[in-house]
Amino acid sequence: LTRPRPIERAISSAGGLAWDEVDEGLMLRHFPGLFVCGEMLDWEAPTGGYLLTACLATGRAAGAAAREWALSLDLNDRINRSTDGLSFAPPFNRT
């Protein structure tokens, strides 16, 4: 390493899932129960901590939405999801 790259080249990644593929809780529209965040999304910003901030903020938002989604499932749906090999079975007790 002899010097840092110019600021125009200092993007960590580009691309990801289109925003219209997720709902307001960052759940994939075509895969209910699968939530995304951070650089999984098509979101670009200049360097300086913006992507890190977006990763943390969208992670928190997706986690909160995932909890609400899991708590909204009834017991039979939870059991079916756990035996069908789908994404996950949320815990049975809400404490």
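Not measured: the values here are computed from a predicted model. (Residues numbered from 1 in each chain as written. Predicted model: local features only at pLDDT ≥ 70, side-chain atom pairs only at ≥ 80, totals over all residues. Heavy atoms only, no water.)

*Asks:* Explain the overall build of the protein chain to me, please; I cannot follow it from the model alone.
*Replies:* On a plain count of helices and strands, the protein chain comes out with two helices and zero strands. Counting only residues that meet the buried cut, the protein chain has 25% of its 95 residues in that class. Residue pairs in contact within the protein chain that sit at least 24 positions apart in sequence constitute 42% of those at least 6 positions apart. Of the roughly 6,900 Å² of accessible surface on the protein chain, 59% is carried by carbon and sulfur atoms. (Helix = DSSP H or I, 4+ residues; strand = E, 2+ residues; numbered from the N terminus. Buried < 20%, exposed > 50% of the residue type's maximum accessible area, 1.4 Å probe, protein only. Contact = heavy atoms within 4.5 Å. Areas by Shrake-Rupley, 256 points an atom, 1.4 Å probe, with all protein chains shown as cover.)

*Asks:* How should I be thinking about the nonpolar core in this particular structure?
*Replies:* One broad trend across soluble globular proteins is that nonpolar side chains are buried collectively. Val22, Leu26, Phe35, Val36, Leu41 and Trp69 are the most contacted members of the largest nonpolar core, which totals 13 residues. Ignoring sequence-local partners within four residues, the contact set of leucine 26 consists of Trp19, Leu34, Phe35, Val36, Leu41, Thr58, Ala61 and Ala62. (Core = buried A, V, L, I, M, F, W, Y, C linked by side-chain atoms within 4.5 Å.)

*Asks:* Before we go on, may I ask you to explain the packing of aromatic side chains in this structure?
*Replies:* A complete count under the given rule lists one aromatic pair for this structure. Their ring planes at 65 degrees and their centres at 6.2 Å tell us that phenylalanine 35 and tryptophan 69 sit as a pair that is edge-to-face. Taken together, the positions of phenylalanine 35 in the segment before helix H1 (50-72) and tryptophan 69 in helix H1 put the pair 34 residues apart, joining distant regions of the chain. Each member of the pair phenylalanine 35 and tryptophan 69 is classed as buried. (Phe/Tyr/Trp six-rings, centres within 6.5 Å; stacked < 30°, edge-to-face > 60°.)

*Asks:* Sorry, what's going on with the side chain of threonine 58 here?
*Replies:* If you trace the backbone, threonine 58 turns up in helix H1. Here threonine 58 is in contact with Leu26, Cys37, Gly38 and Leu41, once residues within four sequence places are set aside.

*Asks:* Please clarify how the environment of valine 22 should be interpreted in this entry.
*Replies:* Along the polypeptide, valine 22 turns up in the segment before H1. Measuring from C-alpha to C-alpha, the distance between valine 22 and phenylalanine 35 comes to 8.2 Å, with 13 residues separating the pair along the chain. Apart from residues lying up to four places away in sequence, valine 22 is in contact with Met27, Leu28, Arg29, Val36 and Leu41.

*Asks:* Please clarify how the pattern of salt bridges should be interpreted in this entry.
*Replies:* Two side chains bearing opposite charge may form a pair once their charged atoms approach each other closely. In the structure shown here, the tally under the stated rule is one salt bridge. Between arginine 67 and glutamate 68 there is a salt bridge, with its nearest N and O atoms 3.4 Å apart. Arginine 67 gets classed as partly exposed once you look at its relative accessible area, which sits at 48%. (Salt bridge = Lys/Arg side-chain N within 4 Å of Asp/Glu carboxyl O.)

*Asks:* I would appreciate a short explanation of a nonpolar patch on the surface in the present structure.
*Replies:* On the surface, a cluster of nonpolar side chains totalling about 330 Å² of accessible area is made up of Trp19, Trp43 and Tyr50. Within the element layout of this structure, tyrosine 50 appears in helix H1. (Patch = residues over 30% accessible without salt bridge, like charges linked within 9 Å, V, L, I, M, F, W, Y side chains within 5 Å.)

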